[in-house]
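Structural overview
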Amino acid sequence: MPRSTQSLDDFARAKLDDLEARGQRRSLTDTARGPAGVAHRDGRDVISFCCNDYLNLSQHPAVKQAAAQALETYGASSGASRLVTGNNPLFGELEAKLARLKGAEAALVFGTGYLANTGIIPSLMRDGDLILADELSHACLVSGARLSGARVQMFRHNDMDDLAARLDELRNTARHALIVTDGVFSMDGDLAPLPQMTALARAHDAWLMTDDAHGLGVVGEGRGSSYAFGPGKMDVPLQMGTLSKAVGGFGGYLCASQPVIDLLKSRARTLVYSTGLPPASIAAASAALDIIESDKALIEKPVANAAQFCREAGLPAPQSPIVPVLIGEENAALAASAMLLDEGYLVTAIRPPTVPAGTARLRITFMAEHAPADISRLAVIVRDRIIRRPAA
Ligand SMILES: *Cc1c(COP(=O)(O)O)cnc(C)c1O
């Protein structure tokens, strides 16, 4: 074996041993998902309580049919970047629906949410600018911020005094300032305090960007976190999100003003230098947005199901379909997850570095089609065997 290959494999093995020792090694498990939250894993069917397909739209007949028809009409790939020949005619309709739903002038669809964030932020910010990010922001917001070359500071989670102090201290040192936050926090399920954030952004001439991956379709009457604070829309000029959670498809997007969207079409490297979404994904998302816009009863269900669970498990009322059950240590979280799997419920353990050290947890997510009986049974198990677990 050449020496370089040997050193590469030695490096990988040493890293893996270290991750193993810290309970942070990860692996992939084959999982075939079906309707109503069923997941087929290791030879048996279990009910998944960890999907982000909150409205079960990935399995909706109208969504699947739209995807199948686009596949038949246009083929399996868009064939090139959107700027070359990959701008399938279905994009315009999807972007118009997104902009309408989110109350924005325009929208732009990217390959994924991760690609959206790593394209948007470096297109707007650079050396000499300031980015203030909530410390629990999703990893791809942080990646985008670091790629931009701007100065990046994290403020304490949802702590508006801390954000205000940093703006007071640093705003004048930077040309432009951007505040970034999850709209609905992906691992905690709480909302960013957008009324206070929009006021701070306005007062300091800072641009506000929300990552609404977990907001669209489930909070603010389906329109996302900007609409979750009473009537009307919060003044959030950059509303980013994904088509891969409640929309049940694949892709990412930004809703913003027309000039911002036009700028990104020229500048966002992850749009310019990456292939456009497959036509089937565009069509699926478009059909799913029609359902989100029209079926008010459906979009209320995931949060209602989370609320039932929290009531019965003795937890505080949830703000979204995401309910964290904090455990602490990595291997204890893995053991809790294994215990639930034995009971027929799939809830993966979330460990650092996805969440801060010492806060390994179960992240339980609720879908529209979860049966009330399963929610109740899960609540009792979590309450009696995890939250109030008898001392060993
Ligand atoms: C899932 C997620 C993303 C990434 O979206 P993808 O479309 O899956 O790449 C971005 N931000 C948040 C908060 C997420 O939860």
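Residues numbered from 1 in each chain as written. Predicted model: local features only at pLDDT ≥ 70, side-chain atom pairs only at ≥ 80, totals over all residues. Heavy atoms only, no water.

Our next topic: helix H1 (residues 3-21). Between its first and last C-alpha atoms H1 spans 27 Å; for 19 residues at 1.5 Å apiece the expected length is 27 Å, and the two agree. Two residues or fewer after H1 comes Gly23, characterised by a positive phi angle close to 70°. (Helix = DSSP H or I, 4+ residues; strand = E, 2+ residues; numbered from the N terminus. Expected span 1.5 Å × (residues − 1).)

Moving on to the pairing of strand S6 (residues 151-155). In this sheet, S6 lies alongside strand S5 (residues 130-134) in parallel orientation, the contact comprising 5 bridges. When the bridges of S6 are listed, Ile131 appears paired with Val152. Running through helix H5 (residues 139-148), the crossover from S5 to the neighbouring parallel element S6 is right-handed. (Pairing = 2+ DSSP bridges. Right-handed = clockwise from strand over helix to strand, strands pointing away.)

Taken together, 14 residues sit near the ligand, with Gly113, Asp211, His214, Thr242 and Lys245 positioned nearest. One of the side-chain N or O atoms of His138 is found 3.5 Å from a nitrogen atom in the ligand. Taken by itself the ligand offers 380 Å² of open surface, and the protein chains cover 86% of this. Classifying every residue of the shell around the ligand gives 3 nonpolar, 8 polar and 3 charged. (Near = heavy atom within 4 Å. Polar contact = N/O pair within 3.5 Å; in protein donor to acceptor, adjacent residues only side chain to side chain. Areas by Shrake-Rupley, 256 points an atom, 1.4 Å probe, with all protein chains shown as cover. Nonpolar A, V, L, I, M, F, W, Y, C, P; charged D, E, K, R; others polar.)

Across the sheet, 3 strands lie side by side as S11-S14-S13; this open sheet has antiparallel pairing. Each of the sheet's edge strands pairs with one partner strand only, and the pair in question is strand S11 (322-328) and strand S13 (349-350). Bridging between S11 and strand S14 (residues 360-365) involves 6 bridges; their strand directions are antiparallel. Residue pairing for S14: Gly328 is matched across the bridge by Ala360.

Applying the stated rule across the entire model yields 1 cavity of 30 Å³ or more. Of the volumes computed, that of the largest cavity is approximately 50 Å³. Considering the residues around the largest cavity, the lining is formed by Arg82, Phe91, Val109, Phe110, Gly111, Thr270, Leu271, Ser274, Thr275, Gly276 and Leu277. Broken down by secondary-structure element, the contributors of at least two residues to the lining of the largest cavity are strand S4 (106-110) and helix H9 (269-272). Residue composition of the lining of the largest cavity, by class: 5 nonpolar, 5 polar and 1 charged. (1 Å grid on protein atoms, 1.4 Å probe; cavity = no way out; pocket = protein on both sides within 12 Å on 5 of 7 lines; lining within 4 Å. Points joined across faces, edges and corners; volume = space filled by probe spheres on them.)

A few words now on the packing of aromatic side chains. With the rule as written, the count across this model stands at 3 aromatic pairs. For the pair Phe49 and Phe366, a centre-to-centre distance of 5.6 Å together with 70° between the ring planes defines the contact as edge-to-face. With Phe49 in the loop between strand S3 (44-48) and helix H2 (61-74) and Phe366 in the loop between S14 and helix H13 (372-387), this residue pair connects regions lying 317 residues apart in the sequence. The burial state of Phe49 is the same as that of Phe366; both residues are buried. Following the ring pairs from residue to residue traces out a cluster consisting of Phe49, Phe309, Tyr345 and Phe366. Above the face of the Phe91 ring, Arg82 is positioned so that its terminal group lies 3.7 Å from the ring centre. Residue placement shows Arg223 over the ring face of Tyr227; its charged tip is 4.1 Å from the ring centre. (Phe/Tyr/Trp six-rings, centres within 6.5 Å; stacked < 30°, edge-to-face > 60°. Buried < 20%, exposed > 50% of the residue type's maximum accessible area, 1.4 Å probe, protein only. Lys NZ or Arg CZ within 6 Å of the ring centre and 35° of its normal.)

The next subject is the pattern of salt bridges. Taken as a whole and assessed by the stated rule, the structure comprises 18 salt bridges. Note that Glu95 and Arg82 form a salt bridge whose closest N and O atoms lie 2.7 Å from each other. With Glu95 in helix H3 (residues 90-102) and Arg82 in the loop between H2 and H3, the pair connects residues that are 13 residues apart, well separated along the chain. A relative accessible area of 10% means that Glu95 is categorised as buried. Note on Arg82: relative accessible area 11%, which makes it buried. A salt bridge links Lys97 to Asp290; the shortest N-O distance between them is 3.0 Å. One end of the pair, Lys97, is in helix H3; the other, Asp290, is in helix H10 (residues 279-294), with 193 residues separating them in the sequence. (Salt bridge = Lys/Arg side-chain N within 4 Å of Asp/Glu carboxyl O.)

As a further point, take the nonpolar core. Side chains of a nonpolar character, in soluble globular proteins, are inclined to be buried together. The biggest cluster of nonpolar side chains holds 39 residues, and the ones touching the most others in it are Leu98 and Leu243. Among the elements of the structure, H2, H3, S4, strand S10 (252-256), H10 and helix H11 (296-313) are those that each provide at least two residues to this core. The element best represented in this core is H10, accounting for 10 residues. Residue contributions to this core reach at least three from each of two domains, namely domain 1 (24-53 + 296-387) and domain 2 (59-294). Of all hydrophobic cores here, the second largest spans 26 residues; its members include Ala313, Leu340, Phe366 and Ile375. (Core = buried A, V, L, I, M, F, W, Y, C linked by side-chain atoms within 4.5 Å. Domains from an automatic or database assignment.)

Assignment of secondary structure puts Ser123 in helix H4 (residues 113-124). When its relative accessible area of 10% is taken as the criterion, Ser123 is described as buried. Polar contacts involving the side chain of Ser123 include one to the main-chain amide nitrogen of Ala268, which spans 3.4 Å. Excluding anything up to four places from it in sequence, Ser123 contacts Leu263, Leu264, Arg267 and Ala268. (Contact = heavy atoms within 4.5 Å.)

Partitioning the protein chain into domains gives domain 1 (24-53 + 296-387) and domain 2 (59-294). Centre-to-centre separation of domain 1 and domain 2, based on C-alpha positions: 26 Å. With 21 residues of domain 1 at the interface, the matching set in domain 2 holds 23 residues. Contact with domain 2 buries surface across domain 1, with Lys296, Ile299 and Gln319 losing the most and accounting together for 33% of the total. Summed over the shared surface of domain 1 and domain 2, the result is 1 salt bridge. (Buried area = accessible area lost by both parts, 1.4 Å probe.)

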